[in-house]
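# Close look at the chain arrangement
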Amino acid sequence: MLKIVTIIGARPQIIKAAALSRAIKNHFANNIKEIIVHTGQHYDTNMSQVFIDELGIPQPDYNLNVGSGGHASQTSDMIIGIEGILQDIKPDYLVLYGDTNSTIAGALAASKIHIPIVHIEAGLRSFNKLMPEEINRIMCDHTSTLLFSPTLTGYNNLINEGFETHNTRPYTADKPGVFHCGDVMYDNSLYFAGVAEQQSRVIEDNNLIKNKFILSTIHRNNNTDDPERLSSIFEALNHISSVEETDIILPLHPRTSKIIEQNLDKALYSKLIANPHLKIVKPVSFLDMIALEKNCSMVITDSGGVQKEAYYFKKPCVILRSETEWVEIVNQKAARIANADKELIIESYHRLSEDKNIKYPEIFGDGKASEFICQTMLDNQLS
Ligand code: UD1
Ligand code: UDP
């Protein structure tokens, strides 16, 4: 029996973990035992437990309850907690998702005590080291034994950084296995799309009309913490929703809710509050999010995951960042980079609304990335 420890912590990791846990339950229950460690990076019910309950993820076996804090204190508390658990459990692999502080904490804890690391979402790069996520993902990739990239671009980024693709089993941290296997989030979106359609009431509850509203999310630290960028984004959202009379639903990340009033000038903040077309709501569950993505006309976001999900559901996307790791969707002309520039956001909204010829070829795999990952871990263990 292969024993793996999975680290979850931030919202997107909890959701991603559902895909692998489901693959283990359905196809590898006799071969793989998963132990889940929640770092506690996200802790509000609507940022954490809602996903565990809704997506059928087993309850975490451990919760480190680290909570919020500066990068150093948050990450170091996680490293200490994870190391202790790894020393007790002695798993065959530590499975890490994405690029958060929970990811890098796991990588540092495991690599020093020689627990092989599996990195899911390897190879993604923004080429912007001002992002904490860029540091986290580079460092995690370079300590990993099995690297699973969701896209060809990610796979090629790894090759450009010196990873060999002709290594053979058994893979090790010095001779890692690098794979382009598709995206576990695509597995999830396919799996949960039908369930969301049946169970979610988010469209009705928010008085939205199908295909006539925009879904927006904002939480990237360089947007929330910079008053100028945050104002520019909200001015654009206010313009699109009020002048263009298009409803926008904005499930707001707690990071943004906590700072919005302080970082926007009073006049703009009052306009937003009084604007009936801009519906600011609390973070929603994943099934509600999928229902919103499936039924909106466009997505405007700075989220990594939400840009990609827009593409899965064939919706154009305005990206509120200066670059993206998901370059395929921009090259495909399904998404436009507008940064935090009010005029560019409005122009991108118009251009994408008018373009009736956007194509969405399948570039995120076949919906079976999680099964491939499980099988590869097993094969490596047996060799
Ligand atoms: C983190 C990740 C980011 C990811 C995002 C997903 C890092 C460095 N960043 O950013 O890559 O895109 O998660 O959502 O790991 N807060 C709450 N309740 C919660 C969680 C957070 O109120 O349950 C508030 C706290 O004020 C906290 C702030 O949000 O200080 C930021 O949380 P944190 O986990 O540090 O970073 P995120 O911005 O969520
Ligand atoms: N998400 C959600 N509810 C929300 C906002 C986002 O379920 O209110 C989901 C979204 O569908 C995606 C993931 O959370 O799967 C993305 O997380 P987030 O935007 O917080 O982080 P990022 O992907 O940018 O790291």
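Structure first, text after, so check above.
Being a predicted model, the structure only gives us computed values, none of them experimental. (Residues numbered from 1 in each chain as written. Chains lettered and ligands numbered in written order. Predicted model: local features only at pLDDT ≥ 70, side-chain atom pairs only at ≥ 80, totals over all residues. Heavy atoms only, no water.)

### A short note on the site of ligand 2
What counts is decided by this rule: Throughout, the term near means that a residue has one or more heavy atoms lying within 4 Å of the molecule or strand in question. Whenever a nitrogen or oxygen atom comes within 3.5 Å of another N or O atom, the pair is scored as a polar contact, on the condition that within protein one atom can donate a hydrogen and the other can accept it, and that pairs from neighbouring residues in sequence are kept only if both atoms are in side chains. For the accessible areas, the method is Shrake-Rupley and the probe is 1.4 Å, while residue cover comes only from the protein chains on display. Here a strand is any run of E in DSSP of at least two residues, a helix any run of H or I of at least four, and the numbering for each starts at the N terminus.
Around ligand 2 lies a shell of 19 residues, among which Arg 220, Val 284, Ser 303, Gly 305 and Glu 309 are the nearest. For ligand 2, an oxygen atom lies 2.8 Å from a polar atom in the backbone of Gly 305. With the chains in place, 94% of the 530 Å² that ligand 2 exposes on its own is no longer accessible. At the level of secondary structure, the elements contributing two or more residues to the shell around ligand 2 comprise helix H1 (11-27), helix H13 (286-295) and helix H14 (304-312). When residues of the shell around ligand 2 are assigned to their parent elements, the largest contribution, four residues, is made by H14.

### A short note on the pattern of salt bridges
The condition that has to hold: Any carboxyl oxygen of Asp or Glu within 4 Å of a side-chain nitrogen of Lys or Arg constitutes a salt bridge here. Three labels apply to residues, based on accessible area from a 1.4 Å probe with only protein chains included: buried if under 20% of the type maximum, exposed if over 50%, partly exposed otherwise in between.
Throughout the structure, instances matching the rule amount to 16 salt bridges. Put simply, Arg 255 and Asp 225 hold a salt bridge, and the shortest N to O gap is 3.2 Å. With Arg 255 in helix H11 (residues 254-263) and Asp 225 in the loop between helix H9 (221-224) and helix H10 (227-243), this pair connects stretches of sequence that are 30 residues apart. The exposure class of Asp 225 is partly exposed, given its relative accessible area of 41%. Residues participating in the shared-partner salt-bridge network are Asp 99, Glu 134, Arg 137, Arg 321, Glu 323 and Glu 325.

### Here's the deal with the nonpolar core
Stated precisely, the cut-off is as follows: Residue types Ala, Val, Leu, Ile, Met, Phe, Trp, Tyr and Cys, when buried and joined through side-chain atoms within 4.5 Å, form a set referred to as a nonpolar core.
Judged by nonpolar contacts, the single largest core of 96 residues is most densely connected at Ile 4, Leu 20, Ile 32, Ile 120, Phe 234, Leu 292 and Met 377. By residue number, the principal contributor to this core is H1, which donates eight residues. In this structure, Val 66, Ala 107, Ile 115 and Cys 140 belong to the second largest nonpolar core, which totals 19 residues.

### Examining the pairing of strand E7 (residues 177-180)
This is how the line gets drawn: Here the rule is simple: two strands pair whenever DSSP picks up at least two bridges between them. Orienting the strands away from the viewer, one traces the path from the first strand over the helix to the second; a clockwise path indicates a right-handed crossover.
Pairing between strand E6 (residues 146-149) and E7: four bridges, direction parallel. Within E7, the position partnered with Leu 147 by the bridge is Val 178. Between the parallel elements E6 and E7, the chain passes through helix H6 (residues 152-160) in a crossover that is right-handed.

### As for the packing of aromatic side chains
Here is the rule: What counts as a ring pair is set by centres within 6.5 Å for rings of Phe, Tyr and Trp (its six-membered ring), and what kind of pair is set by the plane angle: stacked under 30 degrees, edge-to-face over 60, tilted for all other angles.
Within this structure, the stated rule accounts for eleven aromatic pairs. With 5.7 Å between their ring centres and 85° between their planes, Tyr 171 and Phe 179 make a pair best called edge-to-face. Look at Tyr 171 and you get buried, because its relative accessible area is 14%. The exposure class of Phe 179 is buried, given its relative accessible area of 15%. Among the aromatic residues, ring-to-ring pairing joins Tyr 186, Tyr 311, Tyr 312, Trp 326, Tyr 360 and Phe 364 into one connected group.

### What to know about the sheet that holds strand E13 (residues 335-337)
How we decide: Structural elements are reduced to axes, namely lines fitted to C-alpha atoms, with helices fitted over the stretch in contact, and the angle between N-to-C directions of any two is expressed from 0 to 180 degrees.
One open sheet accounts for six strands, arranged E10-E9-E8-E11-E12-E13; its pairing is parallel. Here the strands that pair on one side only, and so sit at the sheet edges, are strand E10 (278-281) and E13. Averaged over all pairs of adjacent strands, the angle between their axes in this sheet comes to 20°, without regard to strand direction. The sheet contact formed by strand E11 (residues 298-301) and strand E12 (residues 317-319) spans three bridges and is parallel. Bridge pairing links Ile 300 to Val 318 in E12.

### Re the sheet that holds strand E3 (residues 62-63)
Which entries qualify depends on this criterion: In what follows, residue pairs with any heavy atoms lying within 4.5 Å of each other are defined as contacts.
Read from one edge to the other, the open sheet built from seven strands follows the order E3-E2-E1-E4-E5-E6-E7, with strand pairing classed as parallel. Strands at the two margins of the open sheet, each flanked by one partner only, are E3 and E7. Sheet topology places strand E1 (residues 2-8) next to strand E2 (residues 32-38); seven bridges connect them, and they run parallel. Paired with Thr 6 across the bridge in E2 is Ile 36. Sheet contacts for helix H4 (residues 101-112): E1, strand E4 (93-97) and strand E5 (117-120); angle to E4, the most-contacted strand, approximately 160°.

Interpretation in functional terms is not warranted from these geometric data alone.
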